[in-house]
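Chain and residue survey
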Amino acid sequence: MLICPKCKKELKKEDHCYRCPEGHSFDIARQGYVNLSLKQKKNQGDNRLMVLARSKFLEEDHYDFMRQFVKDKLVDHNIHTLIDGGCGQGYYTKEFKQVVDTVYGIDLSKEAIRYAAAHDKQSQYFVAGIFDMPFLDHSADCITSIFTPLPHEEIYRVLRENGIWIVVGPGPDHCIELKELMYDRPYKNDWPDTHMDHFECVSQDLISNKAVVEDVWSLLEMTPYRYNSPSSSLDKVKACKSLDTTFEFVVSIWRKI
């Protein structure tokens, strides 16, 4: 179900590479992933330090309750072929492979994909963008978008008829304590859209949990506040030894129509 990023013809796996009928080939890296990105920028997506910080936080499993919730939805909808768009270091992808026959993880960060492929030998990982995915039209049962931009047209192209799109974003009170620490007037997150062209909303669930975070700086690395906040706010986080934190997510399930 893969296509060549150069000519858009089908890619076939060979011994050490993927090759299309036009002769374009893409080597399989030692870790098992394939770089299908045509962009030449060195610093696309998360760099190595960001990947390690996010991995450190995620592997404490503060987000596992959400991961299990989505995993159960994959079972409920009888998903066999899944694309995890913007998969990062594969924290969700590797768990989803336990209940899905074929799982692909894509992300523009080569460092994140390298980490994912090194820690998960069951899923297939590719360096690729979510706005130009290397997949055939109407080829996937399900696409997951967990804290990523939402490329509506590309999702619609790749999903099969009646395919499922699972979107996860922050709930209104997600990390509200971190905001209270950093800002004088913290704001709540907006509720996500309840209407989307060419998709019907199957369900929207608000799920939450609370936990004490010991490494507050790694939590900050999971959020956009890390790069959009003044140094005085960042200093408050650096000085914080632990934080009782609300983790809240909206899980929206859309069906292609």
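Whatever comes next refers back to the structure up there.
These lines cover the structure that appears in this document, whether it is placed above or below. (Residues numbered from 1 in each chain as written. Predicted model: local features only at pLDDT ≥ 70, side-chain atom pairs only at ≥ 80, totals over all residues. Heavy atoms only, no water.)

Turning our attention to the sheet that holds strand β6 (residues 102-107). By definition, the strands of a sheet pair up through backbone hydrogen bonds, in either a parallel or an antiparallel sense. If you trace the eight strands from one edge of the open sheet to the other, you get β4-β7-β6-β5-β8-β9-β11-β10, paired in mixed fashion. Each edge of the open sheet is held by one strand with a lone partner, namely β4 (34-35) and β10 (199-213). Here strand β5 (residues 81-85) pairs with strand β8 (residues 140-146) via four bridges, running parallel. Residue pairing in the sheet places isoleucine 83 in a bridge with isoleucine 143 of β8. (Pairing = 2+ DSSP bridges. Helix = DSSP H or I, 4+ residues; strand = E, 2+ residues; numbered from the N terminus.)

Our focus in this paragraph is the packing of helix α1 (residues 48-58) against helix α4 (residues 110-119). Packing of α1 against α4 leaves a shortest axis separation of 8 Å and a crossing angle of 45 degrees. When the axis of α1 is compared with that of α4, the two are oblique. Classified by chirality, the crossing of α4 by α1 is right-handed. Seen from α1, the contacting residues are Arg48, Val51, Leu52 and Ser55; seen from α4, they are Glu111, Ala112 and Tyr115. Among the residues forming the contact of α1 with α4, the class breakdown is four nonpolar, one polar and two charged. (Axes fitted to C-alpha atoms, helices over the stretch in contact; angles between N-to-C directions. Parallel < 35°, antiparallel > 145°, perpendicular 65-115°, else oblique. Left-handed = near helix turned anticlockwise from the far one by under 90°. Contact = heavy atoms within 4.5 Å. Nonpolar A, V, L, I, M, F, W, Y, C, P; charged D, E, K, R; others polar.)

Now for the packing of aromatic side chains. Applying the stated criterion across every chain, the model contains 14 aromatic pairs. Relative to phenylalanine 249, the ring of phenylalanine 65 lies with its centre 5.6 Å away and its plane at 45 degrees, an arrangement referred to as tilted. Here phenylalanine 249 lies in strand β11 (residues 243-256) and phenylalanine 65 lies in helix α2 (residues 64-76), a separation of 184 residues in the sequence. Here the aromatic residues Phe57, Tyr63, Phe65, Phe147, Phe247 and Phe249 are joined through ring pairs into a cluster of three or more. A cation sits over an aromatic face here: arginine 67 above tyrosine 91, 3.8 Å from the ring centre. (Phe/Tyr/Trp six-rings, centres within 6.5 Å; stacked < 30°, edge-to-face > 60°. Lys NZ or Arg CZ within 6 Å of the ring centre and 35° of its normal.)

So, about unusual backbone geometry. The backbone of lysine 8 shows a phi angle near 70 degrees, a positive value even though the residue is not glycine. By secondary structure assignment, the location of lysine 8 is in the segment before β1 (12-13). By relative accessible area, which is 40% here, lysine 8 ends up partly exposed. A positive phi angle, close to 55 degrees, is found at asparagine 78, a residue other than glycine. On the secondary structure map, asparagine 78 appears in the loop between α2 and β5. (Buried < 20%, exposed > 50% of the residue type's maximum accessible area, 1.4 Å probe, protein only.)

This part takes up the pairing of strand β9 (residues 159-170). One face of the sheet, then the other: side chains in a regular strand alternate in exactly this way. Sheet analysis places β8 next to β9, joined by six bridges and oriented parallel. Directly across from isoleucine 143, in β9, lies its bridge partner tryptophan 165. Once you follow β8 into helix α5 (residues 152-158) and on to β9, the crossover reads as right-handed. For β9 and β11, the ladder comprises seven bridges, and the chain directions are antiparallel. (Right-handed = clockwise from strand over helix to strand, strands pointing away.)

This part is about the side chain of aspartate 215. Tracing the chain through its elements places aspartate 215 in the loop between β10 and α7 (216-221). A polar contact of 2.6 Å, which involves the side chain of aspartate 215, links it to the side chain of serine 218. (Polar contact = N/O pair within 3.5 Å; in protein donor to acceptor, adjacent residues only side chain to side chain.)

Another point: the sheet that holds strand β2 (residues 17-19). Here we have three strands laid out as an open sheet, ordered β1-β2-β3, and antiparallel in their pairing. For this open sheet the edge positions go to β1 and β3 (25-27), each flanked by a neighbour on one side alone.

Attention now moves to the nonpolar core. By size, the foremost hydrophobic cluster in this structure holds 37 residues, and its most contacted members are Tyr63, Met66, Ile166, Leu178 and Phe247. Examining the composition of this core, we find that five residues originate from one element, β11, more than from any other. One finds Tyr18, Phe26, Leu36 and Val158 within the second-largest nonpolar core, a separate group that totals 26 residues. (Core = buried A, V, L, I, M, F, W, Y, C linked by side-chain atoms within 4.5 Å.)

What follows is about the pattern of salt bridges. Evaluated as defined, the whole model comprises 17 salt bridges. Across the pair glutamate 111 and arginine 114 runs a salt bridge whose closest N-O atoms are separated by 3.2 Å. Separated by three residues within a single helix, glutamate 111 and arginine 114 lie in helix α4, roughly one turn from each other. Overall, the relative accessible area of 25% leaves arginine 114 in the partly exposed class. Note that aspartate 141 and arginine 160 form a salt bridge whose closest N and O atoms lie 2.7 Å from each other. With a gap of 19 residues between them, aspartate 141 in strand β8 and arginine 160 in strand β9 connect regions that are remote in the sequence. On the basis of relative accessibility, which here comes to 12%, the residue aspartate 141 falls in the buried class. By relative accessible area, which is 30% here, arginine 160 ends up partly exposed. (Salt bridge = Lys/Arg side-chain N within 4 Å of Asp/Glu carboxyl O.)

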